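Overview (structure and organization)
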Amino acid sequence: MDTTPEQARREAELTSRVLESFAACQDPHLRLLMQALTRHLHAFIREVRLSEDELYAAIEFLTGAGRITDDERQEFVLLSDVLGASMQTITVNDRAVGAATEATVLGPFRTERAPEIELGGDISGGASGMPCWVEGSVTDVQGGAVPHARIEVWEADDQGCYDVQYADDRVAGRACMTADDAGRYRFWALKPTPYPIPDDGPVGMMLRAVGRSPVRAPHLHFMVTAPGHRRLVTHIFVEGADQLGSGDSVFGVRDSLVKAFEDQPGGTPTPDCRDLGGQPWTRTRFDIVLAPEG
């Protein structure tokens, strides 16, 4: 809709007044954030000619997101994820350094209660799914080993649920471990399967309204830390999964993080001679490269 010069003047004048209201802020970065937010928010309202009904619908949407958020579920994280805001923020801040492993979203299901396991241990905790042997190394961007890196991993079961989504307070599909002197690690997990993000709240309602799928590409979460290195939050994704082509609902897929999972028929010997009772299993390798701190 075209606006008259007088209408445009009134709208611009209001934006200027709001910007000026932050001029006395003593924190220059906070002032930058608030003024930039104001400029972009006002530009959005003016571009789409936002109606009052639409404004109050948006407020009600955000109110609903607040109501459904609790200690186990963060609807605002989901909203940030599906709008690509989480991945864009990560992209801006996770600056490319040599061959450092790319970062992705943390997601809403990481908790502080991951148990400690020995190298070669099993993170599944009784969760259902195909056993998966995961191994790799942690190095710096020069190729040197990073000994004793702290590695935290978590994932959903083959029903598409994380442990915190069950009502019985189970701890499954997550663990922490420490790489060895040469930066090597290994553990048993479950082969990742696709699953929908929680879509019974405002975010799910929005996705249905715009015709988007809530499904995430199958993945395994990693958080890796070591002194002198930048913390890495990332995933690996299953090569060949349908969802890689159709689009991950939170835009987390990076080509460099798509890994081959080599399915093994039942009875195939495992790397650690584990007895799997004749069931099939799979294996993958993920070599992690940490960027220097700062």
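Described below are features of the structure shown in this document.

Criteria and cut-off values
Residues numbered from 1 in each chain as written. Predicted model: local features only at pLDDT ≥ 70, side-chain atom pairs only at ≥ 80, totals over all residues. Heavy atoms only, no water. Helix = DSSP H or I, 4+ residues; strand = E, 2+ residues; numbered from the N terminus. Buried < 20%, exposed > 50% of the residue type's maximum accessible area, 1.4 Å probe, protein only. Contact = heavy atoms within 4.5 Å. Areas by Shrake-Rupley, 256 points an atom, 1.4 Å probe, with all protein chains shown as cover. Lys, Arg positive; Asp, Glu negative; His and termini not counted. Charge placed at Lys NZ, Arg CZ, Asp CG, Glu CD. Polar contact = N/O pair within 3.5 Å; in protein donor to acceptor, adjacent residues only side chain to side chain. Expected span 1.5 Å × (residues − 1). Arc of directions from axis to C-beta. 1 Å grid on protein atoms, 1.4 Å probe; cavity = no way out; pocket = protein on both sides within 12 Å on 5 of 7 lines; lining within 4 Å. Points joined across faces, edges and corners; volume = space filled by probe spheres on them. Nonpolar A, V, L, I, M, F, W, Y, C, P; charged D, E, K, R; others polar. Pairing = 2+ DSSP bridges. Salt bridge = Lys/Arg side-chain N within 4 Å of Asp/Glu carboxyl O.

**Overview of the overall build of the protein**
The helix and strand inventory of the protein stands at 7 helices and 12 strands. Within the protein, buried positions represent 41% of all 294 residues. Long-range contacts, defined here as pairs at least 24 residues apart, represent 71% of the contacts in the protein between residues at least 6 apart. Put simply, the protein shows about 15800 Å² of open surface, and 54% of that area lies on carbon and sulfur atoms. Separation of charge centres in the protein, based on 28 positive and 45 negative side chains, amounts to 5 Å.

**Quick notes on the side chain of R216**
Structurally, the position occupied by R216 is in strand β6 (residues 215-216). For R216, the side chain forms a polar contact with the side chain of H235, separated by 3.1 Å. A distance of 2.8 Å separates the side chain of R216 from the side chain of D248, its partner in a polar contact.

**Things to note about helix α2 (residues 28-48)**
Compared with the 30 Å implied by 1.5 Å per residue over 21 residues, the 30 Å span of α2 between its first and last C-alpha is a close match. Turning to α2, its buried residues are Q35, A36, T38 and H42. For α2, the buried positions fall inside an angular range of 155 degrees around the axis, keeping them on one side. More than 90 degrees from the buried face of α2, the exposed residues found are H40 and E47. Considering only its buried residues, α2 is in contact with α1 (5-20). Where α2 begins, the side chain of D27 points an oxygen toward the backbone nitrogen of H29, at a separation of 3.0 Å. One or two steps after α2, the chain reaches R49, where phi turns positive at roughly 55 degrees.

**Observations concerning the layout of surface pockets**
Taken as a whole, the largest pocket encloses approximately 490 Å³ of empty space. A58, I59, F61, L62 and L79 are, among the 17 residues lining the largest pocket, the residues nearest its centre. For the lining of the largest pocket, the secondary-structure elements that each account for two or more residues are α2, α3 (52-68) and α4 (75-82). Sort the elements by how many residues they give to the lining of the largest pocket and α3 lands first, with 7 residues.

**Quick word on empty space enclosed by the protein**
Over the atoms, a rolling probe the size of a water molecule traces out where space has been left empty. A full pass over the atoms with the stated rule returns 2 cavities of 30 Å³ or more. Of the pockets and cavities examined, the largest cavity occupies roughly 70 Å³. Taken together, L78, D81, V105, G107, P108, F109, Y162, Y195, I197, R216, H221 and V250 make up the lining of the largest cavity. Partitioned by chemical class, the residues of the lining of the largest cavity number 8 nonpolar, 2 polar and 2 charged. Put simply, the second largest cavity is a space of about 40 Å³. What lines the second largest cavity is simply D94, A100, T101, R230, R231, L232, V289, L290 and A291.

**Re the sheet that holds strand β9 (residues 258-259)**
The sheet built from 5 strands is open, its strands ordered β3-β2-β7-β8-β9 with mixed pairing. Because the sheet does not close on itself, it has two edges, and the strands there are β3 (174-178) and β9. Here 5 bridges tie strand β2 (residues 150-154) to strand β7 (residues 219-225), and the two strands are oriented antiparallel to one another. In the sheet register, V153 faces β7, and the bridge partner there is F222.

**So, the pattern of salt bridges**
Overall, the coordinates contain 22 salt bridges when judged by the stated rule. We note a salt bridge from D180 to R184, for which the minimum N-O separation is 3.0 Å. On the basis of relative accessible area, D180 is assigned to the buried category, the value being 17%. Here R184 falls in the partly exposed class, since its relative accessible area comes to 48%.

**Description of the pairing of β7**
The element β7 is extensively covered by neighbouring structure, given that 6 of its 7 residues are classed as buried. Where β7 lies against strand β8 (residues 232-238), 6 bridges are found, and the strand directions are antiparallel. Within the sheet, the bridge partner assigned to H221 lies in β8 and is H235. Counting the residues between successive antiparallel strands, the hairpin from β7 to β8 contains 6 residues, one of them, G228, with a positive phi of roughly 80 degrees.

**What to know about the side chain of R174**
Inspection of the secondary structure assignment puts R174 in strand β3. Overall, R174 belongs to the buried group, its relative accessible area being 2%. The residues touching R174, leaving out its near neighbours within four places in the chain, are F109, R110, T111, A114, P115, I123, V153, W154, Y162, D163 and V164.

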